[in-house]
Amino acid sequence: MEYIKLQHPHSYKNDDFPPIAMALGYFDGVHLGHQQVIAEAKRTADSAGMKSAVMTFDPHPSVVLGKSIQHVEYITPIEDKIQYIRGMGVDYLFVVHFTQEFSNLLPQEFIDQYVIDLNVRTVVAGFDYTYGKMGKGTMETIPFHSRGMFDYAVVPKLASSGEKISSTLIRSCLREGRMEELPSLLGRPYSTSGTVIHGDKRGRTIGFPTANVNIEEYIIPPTGVYAVRINVKGDWHFGVCNIGYRPTFKENREPKPSIEVHIFNFEEEIYDEYVKVEWHARLRGEKKFSGIDELVGQIAKDRQEALVYFENYHG
Ligand SMILES: Cc1cc2nc3c(=O)[nH]c(=O)nc-3n(C[C@H](O)[C@H](O)[C@H](O)COP(=O)(O)O)c2cc1C
Ligand SMILES: Nc1ncnc2c1ncn2[C@@H]1O[C@H](COP(=O)(O)OP(=O)(O)O)[C@@H](O)[C@H]1O
């Protein structure tokens, strides 16, 4: 896959590229609905002898359009998005740096500069895709803006248990800790990557060392205890993860919850390793225990519950 970052204004002309079938979207999560749009662009490219492409945007428009939030949390931060799209086998990935100036392009200007000038011959997008200033361009206006230079295909909504699969639905599952529903929406479990940092070194003294993972940019599930898998140096391990403020030990809440994984049957020192945590099930909420023995007893039960959960796990 060729990865092309586009800064506005770019200077490509259509003879810089072969004919392209391009999937267009923000694609946070690269969920099953997104995967359908991307697969449709690939099918079209294959059957028409064109190259396939995905165009997406970074950062999230709300960062730039100043809708209250400055710090967006993603289902798939840009690096993960690139990796999942690469895994789908597309030929080109265009990532447009989303700026105020870019967001002010009129729908026709967007189509001229970001579709026609990149030699796109077929646009594929979901039924609710919008483009150009204020999202005024829709799949209904696309034939008009195409100037007869390209075809288009609209992918209808994909539902799971009667609900439209969307980044919004996935965000609410994540915020509510409904981890078990995510594979049917994402096509894979939710996962987050980060570096193992130093904690208070208390874990090892209570018999449950925990790798504290610094996870940034992702949506963090609610505090509580989870059955997880963790990838360390290329190998998957099972474990239990606590997200929270460790009220048993700490009077005052830190600004961010800690995310700590006790890895089963594992004894290595892994500080500074970049690890991937895969979230499978929420087991319980975080509690303040009256002492270390009660906490340790509960963690032993959590471990057992996760082991039972994973007994029938077959990757
Ligand atoms: C599976 C699991 C469940 C946990 N549950 C709680 C809890 O309910 N309440 C709490 O105060 N701490 C809980 N902890 C966090 C421990 O307090 C924490 O691991 C310990 O303080 C070690 O911290 P350290 O890694 O910074 O040394 C849990 C940890 C694990 C691994
Ligand atoms: N089974 C295990 N699960 C998690 N971390 C482990 C395990 N065995 C060894 N470790 C190592 O020990 C560290 C955790 O020990 P801990 O006393 O909890 O320290 P910290 O408070 O710095 O996280 C991890 O970062 C890792 O390097």
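Look up: the structure comes first, before these words.
The model shown is predicted, which means the values in this text are computed figures rather than measured ones. Starting afresh in each chain, residues are numbered from 1 along the sequence in its written order. Key to labels: chains lettered from A, ligands numbered from 1, both in the order written. This being a predicted model, a pLDDT of at least 70 is required before a residue's local features are given, and a value of 80 or more before pairs of side-chain atoms are given or counted; all residues contribute to the totals for chains, interfaces and linings. The side-chain numbers reported here are obtained from all heavy atoms of the structure, hydrogens and water having been left aside.

K.L.:
Hey, could you run me through the site of ligand 1 in this one?
P.N.:
Near ligand 1, the surroundings consist of 22 residues, among which Arg202, Thr210, Arg246, Thr248 and Lys287 are the closest. By the criterion applied in these results, polar contacts are pairs of N or O atoms within 3.5 Å in which, for protein atoms, one can donate a hydrogen and the other can accept it, and in which residues neighboring in sequence qualify only through two side-chain atoms. Within the side chain of Asn212, an N or O atom sits 3.2 Å from an oxygen atom of ligand 1. Interatomic distance of 3.4 Å between a side-chain N/O atom of Asn242 and a nitrogen atom of ligand 1. Taken by itself ligand 1 offers 630 Å² of open surface, and the protein chains cover 99% of this. Tallying contributions element by element places helix α9 (residues 292-311) first for the shell around ligand 1, with three residues. Of the residues in the shell around ligand 1, the class split is seven nonpolar, six polar and nine charged. Throughout, the term near means that a residue has one or more heavy atoms lying within 4 Å of the molecule or strand in question. Surface accessibility in these figures is a Shrake-Rupley result with a 1.4 Å probe; residues are shielded only by whichever protein chains are displayed. Helical segments are the DSSP runs of H or I of at least four residues, strand segments are the runs of E of at least two, and each set is numbered from the N terminus. Polar here means any residue other than Ala, Val, Leu, Ile, Met, Phe, Trp, Tyr, Cys and Pro, which are nonpolar, and Asp, Glu, Lys and Arg, which are charged; Gly is therefore polar.

K.L.:
I would appreciate a short explanation of the side chain of Glu260 in the present structure.
P.N.:
Residue placement: Glu260 occurs in strand β15 (residues 258-263). The classification of residues rests on relative accessible area computed with a 1.4 Å probe and restricted to protein chains. Under 20% of the type maximum is buried, over 50% is exposed, and intermediate values are partly exposed. Only four residue types enter the charge count, namely Lys and Arg as positive and Asp and Glu as negative; His and the chain termini do not. For this analysis, a salt bridge means a side-chain nitrogen from Lys or Arg found within 4 Å of a carboxyl oxygen belonging to Asp or Glu. Although buried, Glu260 forms no salt bridge, and the nearest oppositely charged side chain, Arg246, lies 4.0 Å from it. Within the local environment of Glu260, its side chain forms a polar contact with the side chain of Thr210, the two groups lying 2.6 Å apart. Sequence-distant contacts of Glu260, that is, excluding residues within four places in its chain, are made with Thr210, Ala211, Asn212, Val240, Cys241, Asn242 and Arg246. Note on definitions: a residue-residue contact is assigned when non-hydrogen atoms from the two residues lie within 4.5 Å.

K.L.:
Help me understand the site of ligand 2 in this model?
P.N.:
Gly199, Lys201, Arg204, Ile270 and Tyr271 are the nearest of the 21 residues found near ligand 2. Contact between ligand 2 and Gly199: an oxygen atom at 2.7 Å from a main-chain N or O atom of the residue. The fraction of the free accessible surface of ligand 2 (550 Å²) that becomes covered by protein chains is 95%. Of all elements in the fold, only β12 (211-214) and β15 reach the threshold of two or more residues within the shell around ligand 2. The biggest single contributor to the shell around ligand 2 is β15, with three residues.

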